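# Understanding the architecture of this molecule
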Amino acid sequence: MTVIRHEGQLQVTCDACPLTYRRTYAEEDFKILVEEIKAEGWKIERQGAEWRHTCSDCAKWAAGRLI
């Protein structure tokens, strides 16, 4: 799981690199968090029982679009 919960706040980290999304969100704003990271190019995929979060740079790399 790459959603970090701390004192009622949520933050997302990339599963492919050490990048952490710059903003934190209240737990009740989870849907807003998902909308905003997707708008910035992050990819969210379910793999078995786990969710995988990939930052926009790693998602581009995986798609073969980075030189």
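Residues numbered from 1 in each chain as written. Predicted model: local features only at pLDDT ≥ 70, side-chain atom pairs only at ≥ 80, totals over all residues. Heavy atoms only, no water.

### So, the nonpolar core
Stated precisely, the cut-off is as follows: Here, the term nonpolar core denotes a set of buried Ala, Val, Leu, Ile, Met, Phe, Trp, Tyr and Cys residues that are joined through side-chain atoms within 4.5 Å. Buried means the residue's accessible area, taken with a 1.4 Å probe over protein chains only, is under 20% of the maximum for its type, while exposed means over 50%, and partly exposed covers the values in between. Numbering goes from the N terminus for both helices and strands, where a helix is a DSSP run of H or I of at least four residues and a strand is a run of E of at least two. Every residue pair with non-hydrogen atoms within 4.5 Å of one another is taken to be in contact.
The biggest cluster of nonpolar side chains holds 12 residues, and these are Val3, Leu10, Val12, Cys14, Tyr21, Tyr25, Leu33, Val34, Ile37, Trp42, Cys55 and Cys58. At the level of elements, strand E2 (9–12) and helix H1 (30–39) are the ones that each hand at least two residues to this core. It is H1 that contributes the most residues to this core, three residues altogether. Contact partners of Ile37, with chain neighbours within four places excluded, come to Val12, Tyr21, Trp42, Ile44 and His53.

### Observations regarding the sheet that holds strand E1 (residues 3–6)
Put simply, the test is: Between any two strands, pairing holds if DSSP finds at least two bridges.
As summarised here, the arrangement of the three strands in space is E1-E2-E3, forming an open sheet in which the pairing is antiparallel. Because the sheet does not close on itself, it has two edges, and the strands there are E1 and strand E3 (25–26). By the bridge criterion, two bridges tie E2 to E3 in an arrangement that is antiparallel. Its bridge partner being in E3, Gln9 is matched across the sheet by Ala26.

### Points about the packing of aromatic side chains
Inclusion rule: Only the six-membered ring of Trp is used, alongside the rings of Phe and Tyr, when aromatic pairs are assigned; centres must lie within 6.5 Å, and planes under 30 degrees apart are stacked while those over 60 apart are edge-to-face, with the rest tilted.
What the rule picks out here adds up to two aromatic pairs. With a centroid separation of 6.4 Å and 15° between ring planes, the pair formed by Tyr21 and Tyr25 is classed as stacked. Pair check on accessibility: Tyr21 and Tyr25 agree, each one buried. Note on Tyr21 and Trp42: the rings are 5.9 Å apart at their centroids and 90° apart in plane angle, and the pair reads as edge-to-face. Taken together, the positions of Tyr21 in the loop between E2 and E3 and Trp42 in the loop between H1 and strand E4 (43–47) put the pair 21 residues apart, joining distant regions of the chain. Here the aromatic residues Tyr21, Tyr25 and Trp42 are joined through ring pairs into a cluster of three or more.

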